[in-house]
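Listed below, chain by chain, are the residues.
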Amino acid sequence: QVQLVESGGGLVQAGGSLRLSCAASGSIFSINPMGWYRQAPGKQRDMVATITSSGSTNYADSVKGRFTISRDNAKNTVYLQMNSLKPEDTAVYYCNAKNILERLKDYWGKGTPVTVSS
């Protein structure tokens, strides 16, 4: 079992920045990769960024150059630094972890809302 707790969401003006954090607990030794997804009202949940235990990253085209995902293995925490935020970034952001010992079973946090005002 893996537990994920997100923090750091909120309201920000367009052009501003936010930093999301996701703390993992439980069977953390088998987590790989971890990442962030987002879901806007009425839309499907989409990948934002992922990071492996070795530090390899992957980003959605819409956030490349603006968002940075990082991972502190000692703290079992993943971060998402979001800069130059746009109103279209407004969504609930979910932390995700895949458990390699459970055939990449997905674990999700409860989500943290991000609202970007124009």
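Refer to the structure above for everything that follows.
Residues numbered from 1 in each chain as written. Predicted model: local features only at pLDDT ≥ 70, side-chain atom pairs only at ≥ 80, totals over all residues. Heavy atoms only, no water.

Engineer: What should I look at first to understand the overall build of the protein in this one?
Structural biologist: Each helix and strand counted, the protein has 0 helices and 11 strands in total. Along the protein, from the amino end to the carboxyl end, the secondary structure elements read β-β-β-β-β-β-β-β-β-β-β. Taking 13 Å as the expected radius of gyration for a compact globule of 118 residues, we find that the protein reaches 14 Å, a close match to that expectation. Over its C-alpha atoms, taken along the principal directions, the protein stretches across nearly 45 × 25 × 25 Å. Within the protein, the proportion of its 118 residues that are buried is 40%. Taking all contacts inside the protein whose residues are at least 6 apart in sequence as the whole, residues at least 24 apart take part in 54%. Carbon and sulfur atoms provide 49% of the accessible area of the protein, an area that totals close to 6,200 Å². (Helix = DSSP H or I, 4+ residues; strand = E, 2+ residues; numbered from the N terminus. Rg over C-alpha atoms; globule rule 2.2 N^0.38 Å. Buried < 20%, exposed > 50% of the residue type's maximum accessible area, 1.4 Å probe, protein only. Contact = heavy atoms within 4.5 Å. Areas by Shrake-Rupley, 256 points an atom, 1.4 Å probe, with all protein chains shown as cover.)

Engineer: Honestly, the sheet that holds strand β7 (residues 67-72) in this entry has me stumped. Any pointers?
Structural biologist: Strand pairing in a sheet relies on backbone hydrogen bonds, with the paired strands running either antiparallel or parallel. If you trace the 4 strands from one edge of the open sheet to the other, you get β1-β3-β8-β7, paired in antiparallel fashion. Two strands close off the open sheet at either side, each with one partner strand: β1 (2-7) and β7. Averaged over all neighbouring strand pairs, the angle between strand axes comes to 15 degrees, with direction disregarded. (Pairing = 2+ DSSP bridges. Axes fitted to C-alpha atoms, helices over the stretch in contact; angles between N-to-C directions.)

Engineer: In this structure, what is going on with the nonpolar core? I would like to understand it.
Structural biologist: Nonpolar side chains in soluble globular proteins tend to end up buried together. Core analysis: the largest hydrophobic core is formed by 29 residues, its most contacted members being L4, M34, W36, L80, M82 and Y93. Counting residues per element, the ones that place at least two in this core are β1, β3 (18-26), β4 (31-39), β5 (46-51), β7, β8 (77-82), β9 (91-99) and β11 (112-117). If sequence neighbours within four positions are ignored, M34 has contacts with L4, C22, A24, T50, I51, I69, R71, V78, C95, N96 and A97. (Core = buried A, V, L, I, M, F, W, Y, C linked by side-chain atoms within 4.5 Å.)

Engineer: For this particular structure, what's the right way to read the side chain of N96?
Structural biologist: Position of N96 among the secondary structure elements: in strand β9. Of note is the side chain of N96, whose polar atom sits 3.4 Å from the backbone oxygen of Y107. If we skip the residues at most four places from it in the chain, N96 touches L4, P33, M34, G35, Y37, D106, Y107 and W108. (Polar contact = N/O pair within 3.5 Å; in protein donor to acceptor, adjacent residues only side chain to side chain.)

Engineer: Is there a simple way to explain the packing of aromatic side chains in this structure?
Structural biologist: The description of an aromatic ring pair uses the distance of the two centres, along with the angle that the planes make with each other. Applying the stated criterion across every chain yields a total of 2 aromatic pairs. On the numbers, 6.5 Å between centres and 90 degrees between planes, the contact of Y94 with W108 is edge-to-face. Note that Y94 is positioned in strand β9 and W108 in strand β10 (residues 105-108), a separation of 14 residues in sequence. With a relative accessible area of 14%, Y94 lands in the buried category. Just above the ring of Y79 sits the side chain of R19; from NZ or CZ to the centre is 4.0 Å. Lying across the ring of Y94, R45 places its NZ or CZ 3.6 Å from the centre. (Phe/Tyr/Trp six-rings, centres within 6.5 Å; stacked < 30°, edge-to-face > 60°. Lys NZ or Arg CZ within 6 Å of the ring centre and 35° of its normal.)

Engineer: Sorry if this is basic, but what is going on with the side chain of N99 here?
Structural biologist: In this fold, N99 is placed in strand β9. We classify N99 as buried; its relative accessible area is 2%. Reaching out from N99, the side chain makes a polar contact with the backbone nitrogen of L101 at a distance of 2.9 Å. Once residues within four sequence positions are removed from consideration, N99 is found in contact with V2, S27, S30, L104, K105 and Y107.

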